Every structure is written in structure tokens, then in C-alpha cells.
Amino acid sequence: MGSDIMDNIKSIRILLGLIYDLYHNKKYLNDDFINNYKVSSDVCKRVLEKIKVNVNIIGTENIPVDGPLLLAPNHISFFDIILLLSVIDRPLPFAAAVELMSYPILRDYISALKCVLINRETNDMNTMREQIDGIQESIKKTGLIVFPEGECSYNQEIYDFKKGAFLRLKETSVVPTYINTPVIKKIGKWTIPTDNIDIIFGKPFVVSEVFSTRAKAEVVAEYTKNKVLELKRFIDN
């Protein structure tokens with residue numbers, strides 16, 4: 001049997017295992033965000049164990065243990081969520097595309113993790129304002145993971161960071177984050193890393209300390225992207 005077929009079978013088995021694990025552990029979800037983060041993190045850790053690749057993690061000490069926080073990684077694939085929930089100790093929700101709510105099992109976990117839903121296709125000003133308010137509220141209350149590119153690249157290219165998550169941050173700590181999954185197996189929207197992975201959390205910066213005047217959101221977004229590119233160059237070298 002060809003290696004591609006074997007890889008596809010392995011990927012499908014891991015996906016089915018993830019679905020089973022999500023359903024099996026759904027009963028442990030409740031109204032406690034900390035509990036729900038642990039349940040979700042444990043599921044994701046088991047997925048990492050099954051794919052049997054090395055994960056090189058750098059800079060977890062750069063994630064503040066409390067206070068307003070925006071963690072801003074590049075976005076290669078859906079698997080990024082599994083990676084981050086596996087390695088970050090501080091319970092953090094993430095901004096999630098609203099279409100993920102169409103998957104019943106994901107809907108339960110997205111709700112339990114108090115994720116902020118983002119409709120990327122809307123042009124309605126009220127909806128966009130509500131989304132920005134939701135992002136800012138979550139950043140202040142619990143901290144938030146946002147993928148500023150707004151879409152998966154499925155490669156090592158880093159797209160422009162959209163400004164929505166960078167509005168009115170001021171005293172928020174921003175942690176630029178780089179995820180490096182150099183080889184992925186893609187079956188539809190499901191992807192699985194097939195080679196070693198790097199995750200590097202850069203030094204946090206506070207917007208009001210970096211910019212002496214009130215900076216426009218697009219300026220902060222570009223600054224953060226450049227910090228992520230610096231992390232990429234560090235890994236590449």
C-alpha cells in the first residue's frame with residue numbers, strides 16, 4: 001500500500017479519535033471556564049501524543065499570568081488551536097469563526113471556552129461593532145487568542161494582520177507568537193502535522209509603552225506582524 005494512502009488512513013484515524021474524545025469528554029463541560037479549559041487542553045494533548053511529532057516550545061514564560069492579554073499567532077491551519085490549547089497553561093479563549101458553530105461537537109466546546117465568535121463575511125456595522133466589543137471585553141476579562149490574519153495560510157507565509165483585534169488596546173499586553181508546522185497532511189479542512197513543530201512566544205509588549213501617542217490599530221497590527229516575522233527568522237536560522 002502506498003505511503004500517501006497510509007498517511008491518509010493515519011490522518012483519518014487521528015481525526016476520528018479526536019471526534020470520539022470530544023464526544024466522550026463533553027460530559028465534563030460545565031459553567032466553570034477553568035474546568036472547561038482543562039478538559040479541552042487534555043483532549044488536545046492526547047491528539048499530540050497520537051501524531052508522534054516533537055514539539056519545540058520556546059518562551060512560555062513570556063505569557064503574563066494575569067491582566068489584559070492579546071496572544072497573536074500566525075495561522076497555518078485548524079491544528080493551531082490544538083497546539084496552543086496543549087501548551088498554554090493560562091486558560092485563554094480564542095476568537096473563532098462563526099461557521100464553526102455549525103459543527104455540533106465544536107459548538108459545545110466553543111461555548112464552554114467562552115470564545116468570541118467572528119463573522120468574517122459581514123458588512124453590517126452593528127455586527128462588526130459587537131464583534132470588536134466582544135474581543136475587547138474578553139481581552140480585559142480573561143485574555144484572548146486571536147489569529148490576526150483572519151484565515152489559514154496552509155503554508156509558511158504570514159499574511160497581513162487585520163486591525164480589528166488591535167483597536168483601543170492601550171494597557172493590554174500583546175504576545176507575538178509564531179507557529180511553525182513545516183509539513184502538514186491536508187485532507188479537506190483537516191490537517192495534521194507530519195514533522196517536528198516549533199512554537200515560540202515572543203516577549204510581550206504593552207501598546208502604550210511602545211507608542212508614545214495614540215497609535216492607529218493598523219500600525220499596532222503591522223508592528224505585531226513584524227515581531228512575529230522576527231520570531232520566524234529566529235526559527236528559520
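A short tour of the structure in this document, coming up. Small disclaimer: the values here were computed from a predicted structure and weren't measured.

Scoring rules and cut-offs
- Residues numbered from 1 in each chain as written.
- Predicted model: local features only at pLDDT ≥ 70, side-chain atom pairs only at ≥ 80, totals over all residues.
- Heavy atoms only, no water.
- Salt bridge = Lys/Arg side-chain N within 4 Å of Asp/Glu carboxyl O.
- Helix = DSSP H or I, 4+ residues; strand = E, 2+ residues; numbered from the N terminus.
- Buried < 20%, exposed > 50% of the residue type's maximum accessible area, 1.4 Å probe, protein only.
- Contact = heavy atoms within 4.5 Å.

## Let's talk about the pattern of salt bridges
Piece 1. This model, assessed by the stated rule, comprises nine salt bridges.
Piece 2. Taking the shortest distance from any N to any O, the salt bridge between D21 and R46 comes out at 2.7 Å. Of this pair, D21 sits in helix α1 (residues 3–25) while R46 sits in helix α2 (residues 33–51), and the two are 25 residues apart along the sequence.
Piece 3. Among the residues examined, D21 registers a relative accessible area of 8% and is labelled buried.
Piece 4. When the shortest N-O distance is used, the salt bridge between D42 and K38 registers 2.9 Å. Placement of the pair is D42 and K38 together in helix α2, with a separation of four residues, close to one helical turn.

## Some remarks on the side chain of S173
Piece 1. With respect to the helices, strands and loops of the structure, S173 is situated in strand β6 (residues 173–180).
Piece 2. For S173, a relative accessible area of 15% puts it in the buried group.
Piece 3. Setting aside its immediate chain neighbours within four residues, S173 contacts P64, P68, L69, L70, P204, F205 and V206.

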